[in-house]
Amino acid sequence: MTKTYTPPKVWTWEGQKQGRFTSTNRPIAGATHEKELPVGRHPLQLYSLGTPNGVKVTVMLEELLAKGHAGAEYDAWLIRIGDGDQFGSGFVDINPNSKIPALMDHSTNPPTRVFESGAILLYLAEKFGEFLPKDTAGRTECLCWLFWQMGSTPYLGGGFGHFYAYAEEKQQYPIDRFTMETKRQLDVLDRRLADNRYVAGDDYTIADMAIWPWYGGLVLFNQYEAEEFLDARSYTNVLRWAEEIHAREPVRRGRMVNRIRGEAHEQLRERHDAADFETKTQDKVEAAG
């Protein structure tokens, strides 16, 4: 049985174990080292990793390009959070919170920095006039679901995912606590999608792009190896929605960008041109090396 923990009057940082994140988690902000970020030739410069939060933005950019918005061309630079790249001075200048993704828009003067994935989606939707309803009621519904994702997912990733998949010791209380909340969230989504094709209604929006990498990941990709544990595929409306979005070509492409795990042919670790999807996936890079 795990010993009961008695918190001290004042907590101090003593290198407490954080599972696989021990080397990067810390209770202070700011840069740990000097490192400038590269800048490519496109207006939009993305610094990211192919996690669910990173996938939101690359899907959005690929969807904009598929609609013909040439101004959405982008360079996607790989930020290896396990190596602490997010604590480099250049990255911290864009995002003082040291979390991916971070975006610089060089089409403005001076360039505009955007951080937090939900803020990036909203910025791009407003910049290009896409994937965000223009009527007040539709826009409000979309933003409600966008912010639902931003507020809910920390319980899924930092809560359930951490204690179920990453913690060195499995403890029933936190796993039960966050499993209950994750299943409640899936039920919220499942009930919404019972009568709606997409999360905000009839149209595909940034709300779907935000929610799909997290909750679609649970029902389609065995995220955290927890599909069976959560009985994730029993949420049939979520499954239908997730499969429909996964079938979109821009979504397939966006999910490949900055990806460093999984099948080599599905990893495009950096993206600087649309042709990279055909010529620079990891299987081709390894074959050429």
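It should be emphasised that the depicted structure is a prediction, and the values quoted were computed from it without experimental measurement.

The final tally for this structure, using the stated rule, is 17 salt bridges. Two residues, glutamate 62 and arginine 253, come together in a salt bridge whose shortest N-O distance is 3.3 Å. You can see glutamate 62 sitting in helix H1 (residues 52–66) and its partner arginine 253 sitting in helix H9 (residues 249–256), a full 191 residues away along the chain. As far as the burial class goes, glutamate 62 and arginine 253 line up, both buried.

Once that is clear, we can look at the environment of glutamate 63. One can find glutamate 63 in helix H1. Its relative accessible area of 2% is what places glutamate 63 among the buried residues. When the C-alpha positions of glutamate 63 and phenylalanine 131 are compared, they lie 9.2 Å apart, and in sequence the two are 68 residues distant. Other than its neighbours up to four places away in sequence, glutamate 63 contacts Phe131, Tyr204, Met209, Arg248, Pro250 and Val251. Here tyrosine 204 takes part through its side chain, which lies 2.8 Å from a polar atom of the side chain of glutamate 63.

The next subject is the side chain of glutamine 149. Its place among the elements puts glutamine 149 in helix H4 (residues 136–166). With relative accessibility at 1%, the residue glutamine 149 sits in the buried group. Residues in contact with glutamine 149, not counting those within four places in the same chain, are Asn53, Lys56, Pro154, Ala210, Ile211 and Trp214.

For tryptophan 145, the location among the structural elements is in helix H4. Sequence-wise, tryptophan 145 and valine 199 are 54 residues apart; in three dimensions their C-alpha atoms are separated by 7.2 Å.

Time to look at the pairing of strand S3 (residues 102–105). Of the two faces of S3, the one carrying Ala102 and Met104 and the one carrying Leu103 and Asp105 are both buried. Relative to S3, strand S1 (residues 44–48) is paired through four bridges, and the arrangement is antiparallel. Within S3, the position partnered with tyrosine 47 by the bridge is alanine 102. Direction of pairing for S3 relative to strand S4 (residues 112–115): antiparallel, over a ladder of four bridges.

What follows is about the nonpolar core. Judged by nonpolar contacts, the single largest core of 61 residues is most densely connected at Met60, Leu124, Leu189, Ile206, Tyr215 and Trp241. Top contributing element to this core by residue count: helix H6 (residues 206–220), with 10 residues. What leucine 189 contacts, discounting residues up to four positions off in sequence, is Trp148, Val199, Ile211, Tyr215, Val238 and Trp241. Formed by 11 residues, the second largest nonpolar core is a distinct cluster that contains Leu49, Leu78, Ile79 and Phe91.

Once that is clear, we can look at unusual backbone geometry. With omega at 0 degrees, the peptide bond leading from isoleucine 100 into proline 101 counts as cis. Mapped onto the fold, proline 101 is located in the loop between helix H2 (89–94) and S3. In the segment running from asparagine 109 into proline 110, the intervening peptide bond is cis, with an omega of 0 degrees. The backbone of phenylalanine 131 sits at a positive phi, close to 60 degrees, despite the residue not being glycine. Assignment of secondary structure puts phenylalanine 131 in the loop between helix H3 (117–128) and H4. Using a relative accessible area of 10% as the deciding quantity, one classes phenylalanine 131 as buried. The phi torsion at aspartate 231 lies on the positive side, around 50 degrees, for a residue other than glycine. With respect to the helices, strands and loops of the structure, aspartate 231 is situated in the loop between helix H7 (227–230) and helix H8 (236–246). Here aspartate 231 falls in the partly exposed class, since its relative accessible area comes to 44%.

Criteria and cut-off values
Counting restarts for each chain: residues are numbered from 1 in the order of the written sequence. Thresholds applied to this predicted model are a pLDDT of at least 70 for local features of residues and 80 or more for the giving and counting of side-chain atom pairs; totals over whole chains, interfaces and linings are not thresholded and use all residues. The basis for every side-chain value is the complete set of non-hydrogen atoms in the structure, without hydrogens or water. Salt bridge, as used here: a side-chain nitrogen of Lys or Arg that lies within 4 Å of a carboxyl oxygen of Asp or Glu. Secondary structure is summarised from DSSP: a helix means a run of H or I of at least four residues, a strand means a run of E of at least two, and numbering begins at the N terminus for each. Think of it in three bands: residues with accessible area under 20% of the maximum for their type are buried, residues over 50% are exposed, and the middle band is partly exposed, with areas taken using a 1.4 Å probe on protein chains only. Working rule for contacts: check all heavy atoms of both residues, and any pair within 4.5 Å makes them a contact. Two N or O atoms form a polar contact when they lie within 3.5 Å of each other; inside protein one atom must be a possible hydrogen donor and the other a possible acceptor, and for residues adjacent in sequence the pair counts only when both atoms belong to side chains. Any two strands between which DSSP finds at least two bridges are classified as paired. Nonpolar cores are built from buried Ala, Val, Leu, Ile, Met, Phe, Trp, Tyr and Cys residues. Side-chain atoms within 4.5 Å join them into one set.

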